[in-house]
Amino acid sequence: MPIKIDSPLARRVAAFAFLFLIFGLSLWVLSPFLASLAWSGILAYVTWPLYQWLRRRLPGRDSLAAVLMTLGVAAMLLLPLVWVLLTLVDDIAVASASFRRLSEHGLPPLPPGVHAWPGGEWLAAQYERVQADPQWLRAQIAALELTDASRLGNVAGDVGRNVAKFGLAVFALFFLYRDGENALTQFRGVATRWLGGVARSYIQAVGVTVRAVVFGIVLTALAQGVLAGLGYWAAGIAAPVLWGMITALVSLIPFVGPVVWIGLSLGLLAQGETQAALGLFLWGALVVSWVDNLIRPLVISGPTRIPFLLVFLGVLGGLNAFGLIGLFLGPVLLAVAMAIWREWLVHARPG
């Protein structure tokens, strides 16, 4: 039986197709800016308690409070970034010269005392195997383009090329501060209408997870980078700021940060700086790793009620699937999935 054009079913299909088209095209228009908008949303959520405090100090002047908060957050992010970039200019040149020296002259000999260490014979054998093949070492350094300062500077260049995205995120942050409560109320209303009462638990899971990821992954990675950088500076490592930044970036992936300071400790050992190598290793093991191994799991797993393994997989999978924003999006998706799973378990219980 043919469906009449003015039948209720036909109208529903037409309405659904129209909504799908409008929202699909809207998403397509906004797609270049979604990453910036997501970052501004994360910044707004994490700093919202501070904005609320400022708004109480400025009653009736929400726009002024939003402007002050936006400028404060922008300065808090931009000033350290500018300082790091200016410092990296010299550190990148130093690191490039060090890699060029290794490429030309090979690895230096190990100190004799290494053989007396537990496992020292095996370590010395592996080191001497690499040392005996300077062509292989030269090829690895050349493949990574570590002797070209302009190539090493691409890390800083990437930051510079994203200035426009940063500006858009800061611009959107002002409106989120000023109109965020109204927008969230509307979103909750729509979500509740479509999903029912469980929508609130899903929204809460998103918020708790974002906060846990910020404090449990991003801030702990920055703390590890700062602490490791202090250790590099004390041990006499060339370009400590560069290596501290590398440690912070690598530490975004849980339990990977030690690769950097262990490698630099071995480098000091290879140069005969036994005391500096041992001091850096102990600093990394007793101070830097303590942040990673103890604080991070407690901060993440406690409030989110999600197994740390799932958060770990969410971070890795999110980075692989969505880029840097996946650092948050991956764990958030798993948090919502866990909230849905728990909701199903509640309804599945008899009686």
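Residues numbered from 1 in each chain as written. Predicted model: local features only at pLDDT ≥ 70, side-chain atom pairs only at ≥ 80, totals over all residues. Heavy atoms only, no water.

(A) Summary view of the overall build of the chain. Of regular secondary structure, the chain possesses 14 helices and 0 strands. Listed N to C, the secondary structure of the chain is α-α-α-α-α-α-α-α-α-α-α-α-α-α in terms of helices and strands. Within the chain, buried positions represent 34% of all 351 residues. For the chain, the share of sequence-separated contacts (at least 6 apart) that also reach a separation of at least 24 residues comes to 69%. Only carbon and sulfur atoms are counted for the fraction: they give 72% of the accessible area of the chain, which is about 21,200 Å². (Helix = DSSP H or I, 4+ residues; strand = E, 2+ residues; numbered from the N terminus. Buried < 20%, exposed > 50% of the residue type's maximum accessible area, 1.4 Å probe, protein only. Contact = heavy atoms within 4.5 Å. Areas by Shrake-Rupley, 256 points an atom, 1.4 Å probe, with all protein chains shown as cover.)

(B) Structural view of the packing of aromatic side chains. In total, this model carries 6 aromatic pairs according to the counting rule given. Taken together, a centroid distance of 6.3 Å and an interplanar angle of 25° make the contact between Trp-48 and Tyr-177 stacked. Here Tyr-177 lies in helix H8 (residues 163-195) and Trp-48 lies in helix H2 (residues 34-57), a separation of 129 residues in the sequence. Neither Trp-48 nor Tyr-177 differs from the other in exposure class; each is buried. Three or more aromatic residues link up through ring pairs in this structure, and these residues are Trp-48, Tyr-51 and Tyr-177. (Phe/Tyr/Trp six-rings, centres within 6.5 Å; stacked < 30°, edge-to-face > 60°.)

(C) Examining the nonpolar core more closely. Core analysis: the biggest nonpolar cluster contains 17 residues, and Ile-42, Val-214, Ile-217, Leu-327 and Phe-328 have the highest contact counts within it. Among the secondary structure elements, those contributing two or more residues to this core are H2, helix H9 (198-235), helix H13 (308-322) and helix H14 (326-348). With 16 residues, the next largest nonpolar core counts Trp-243, Val-260, Trp-261 and Ala-276 among its residues. (Core = buried A, V, L, I, M, F, W, Y, C linked by side-chain atoms within 4.5 Å.)

(D) Inspection of the side chain of Ser-289 at higher detail. Residue placement: Ser-289 occurs in helix H12 (residues 274-304). Apart from residues no more than four positions distant in its own chain, Ser-289 is found in contact with Pro-258, Trp-261 and Gly-284.

(E) Fine view of H2. Under the 1.5 Å per step criterion, the end-to-end length of H2 is 32 Å for 24 residues, consistent within 8% with the ideal 34 Å. Maximal helix bending in H2 amounts to about 60°, located at Trp-48; proline Pro-49 follows within four positions. (Expected span 1.5 Å × (residues − 1). Bend = angle between axes of the 7 residues up to and from the residue.)

(F) View of the packing of H9 against helix H10 (residues 240-250). Running from N to C, H9 and H10 cross one another at 150°; their axes reach a closest spacing of 8 Å. The orientation of H9 relative to H10 falls into the category roughly antiparallel. H9 and H10 meet at a crossing whose hand is right-handed. On H10, the residues that touch Ala-221, Leu-222, Gln-224, Gly-225, Ala-228, Gly-229, Tyr-232 and Trp-233 of H9 are Pro-240, Trp-243, Gly-244, Thr-247 and Ala-248. (Axes fitted to C-alpha atoms, helices over the stretch in contact; angles between N-to-C directions. Parallel < 35°, antiparallel > 145°, perpendicular 65-115°, else oblique. Left-handed = near helix turned anticlockwise from the far one by under 90°.)

(G) Seen up close, the side chain of Gln-224. Here Gln-224 lies in helix H9. When residues no more than four places from it in sequence are discounted, the contact partners of Gln-224 are Thr-247, Ser-251, Val-288, Val-291, Asp-292 and Arg-296.

(H) Examining the pattern of salt bridges more closely. Scanning the entire structure with this criterion turns up 3 salt bridges. We note a salt bridge from Arg-55 to Glu-181, for which the minimum N-O separation is 3.0 Å. Pair noted here: Arg-55 is in helix H2 and Glu-181 is in helix H8, with a separation of 126 residues, a long-range link. Classification of Arg-55 by relative accessible area gives buried; the value is 17%. According to the relative accessible area criterion, Glu-181 is partly exposed, its value standing at 37%. Here Asp-179 ties to Arg-178 by a salt bridge, and the two come within 3.2 Å at their closest N and O atoms. Residues joined in a network through salt bridges with shared partners are Arg-55, Asp-62 and Glu-181. (Salt bridge = Lys/Arg side-chain N within 4 Å of Asp/Glu carboxyl O.)

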